Amino acid sequence: MQINEIICILLRDLNCNMFYIHKPDGIELDEYITFNATLKDEWFSNNFYESNTFVITINILTKNISNISDLVNQVKNIIDNDKNCYGFSCRGSSFIKDTNEFQTVCSFNLLYFD
């Protein structure tokens, strides 16, 4: 299974549309998530490959400012309760004038065993 599929499965309980890196043009949504994954490190034990560590960055985009805290808390709960995830951090929110959306950036580490 590819890392993008694992991220989508991990965050499926959010009930949001999810897109890798960016939302395609022409799709109108009031709330969605974009994400990417960056390989941070490989983990070896006794000279045998064990796993990769990815830094996952998710962008929560919503037109409704009152949804931000709830969505961030849901993501944090998912990450805190998954044995392969750690290090959740919310990087803050900003308003995008061009699209009238609030963007909140969160990140966490994911151990990926393939």
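Each chain carries its own residue numbering, running from 1 in the direction its sequence is written. Per-residue local features of the predicted model are confined to residues with pLDDT of at least 70, and side-chain atom pairs are confined, for both listing and counting, to 80 or more; whole-chain, interface and lining totals are unaffected and use all residues. Derived side-chain values reflect all non-hydrogen atoms in the structure, with water molecules and hydrogen atoms excluded from consideration.

Student: Outline the packing of aromatic side chains, supporting the account with residue identities and numerical values.
Tutor: Ring pairs shown here join Phe, Tyr and Trp side chains whose ring centres sit within 6.5 Å, with only the six-membered ring taken for Trp; geometry is labelled stacked below 30 degrees between planes, edge-to-face above 60, and tilted in between. Overall, the coordinates contain four aromatic pairs when judged by the stated rule. Here Phe54 and Tyr112 contribute two aromatic rings whose centre-to-centre distance is 5.9 Å and whose plane-to-plane angle is 75°, an arrangement assigned as edge-to-face. Taken together, the positions of Phe54 in strand S3 (residues 48-62) and Tyr112 in strand S5 (residues 101-112) put the pair 58 residues apart, joining distant regions of the chain. Summarising the burial analysis for this pair, Phe54 and Tyr112 share the class buried. A run of DSSP states H or I qualifies as a helix once it reaches four residues; a run of E qualifies as a strand once it reaches two. Both are numbered from the N-terminal end. The rule is simple: take the accessible area with a 1.4 Å probe, protein chains only, and divide by the maximum for that residue type; under 20% is buried, over 50% is exposed, in between is partly exposed.

Student: For the pattern of salt bridges, give the residues involved together with the corresponding values.
Tutor: Put simply, a salt bridge is a Lys or Arg side-chain nitrogen that is within 4 Å of an Asp or Glu carboxyl oxygen. All told, the structure shown has one salt bridge when counted by the stated rule. Across the pair Asp80 and Lys76 runs a salt bridge whose closest N-O atoms are separated by 2.6 Å. Remark: Lys76 and Asp80 occur in helix H2 (residues 68-80); sequence separation between them is four residues, near one turn of the helix. A residue is classified by how much of its surface remains accessible, and Lys76, at 34% relative accessible area, is partly exposed.

Student: Explain unusual backbone geometry residue by residue, including any values.
Tutor: It is generally the case that most residues other than glycine have a negative phi and that most peptide bonds are trans. Located in the positive-phi region is Asn15, a residue other than glycine, with phi close to 55°. Along the chain, Asn15 turns up in the loop between helix H1 (3-10) and strand S1 (17-20). Even without a glycine there, the phi angle at Ile21 is positive, about 70°. Structurally, Ile21 is set in the loop between S1 and strand S2 (31-45). Classification of Ile21 by relative accessible area gives partly exposed; the value is 48%.

Student: So, the nonpolar core: which residues are in play, and what are the values?
Tutor: Among buried residues, the Ala, Val, Leu, Ile, Met, Phe, Trp, Tyr and Cys ones that are joined through side-chain atoms within 4.5 Å form a nonpolar core. The biggest cluster of nonpolar side chains holds 26 residues, and the ones touching the most others in it are Leu10, Leu11, Ile58, Ile60, Ile79 and Phe108. Elements supplying a minimum of two residues to this core: H1, S2, S3, H2, strand S4 (85-96) and S5. It is H2 that provides the largest number of residues to this core, a total of six residues. Dropping the residues within four chain positions of it, Leu11 is found in contact with Met18, Ile58 and Ile78. In what follows, residue pairs with any heavy atoms lying within 4.5 Å of each other are defined as contacts.

Student: An account of the side chain of Thr104 is needed here, citing residue identities and associated values.
Tutor: Note on placement: Thr104 falls in strand S5. Contacts described as polar in this section are N or O atom pairs within 3.5 Å, which, within protein, must combine one atom able to donate a hydrogen with one able to accept it, while residues neighboring in sequence count only if both atoms come from side chains. A polar contact is formed between the side chain of Thr104 and the side chain of Ser93, at a distance of 2.6 Å. Not counting chain neighbours up to four residues away, the residues in contact with Thr104 comprise Ile58, Asn59, Ile60, Ile68, Val72, Cys90, Gly92 and Ser93.

Student: Break down the side chain of Asn59 for me, citing the residues and quoting the values.
Tutor: Tracing the sequence through the fold places Asn59 in strand S3. A distance of 3.1 Å separates a polar atom in the side chain of Asn59 from a polar atom in the side chain of Gln103. Each residue touching Asn59, except ones within four places of it in the same chain, is listed here: Tyr32, Ile33, Thr34, Gln103, Thr104 and Val105.

As far as function goes, none of this settles anything; it's purely spatial.
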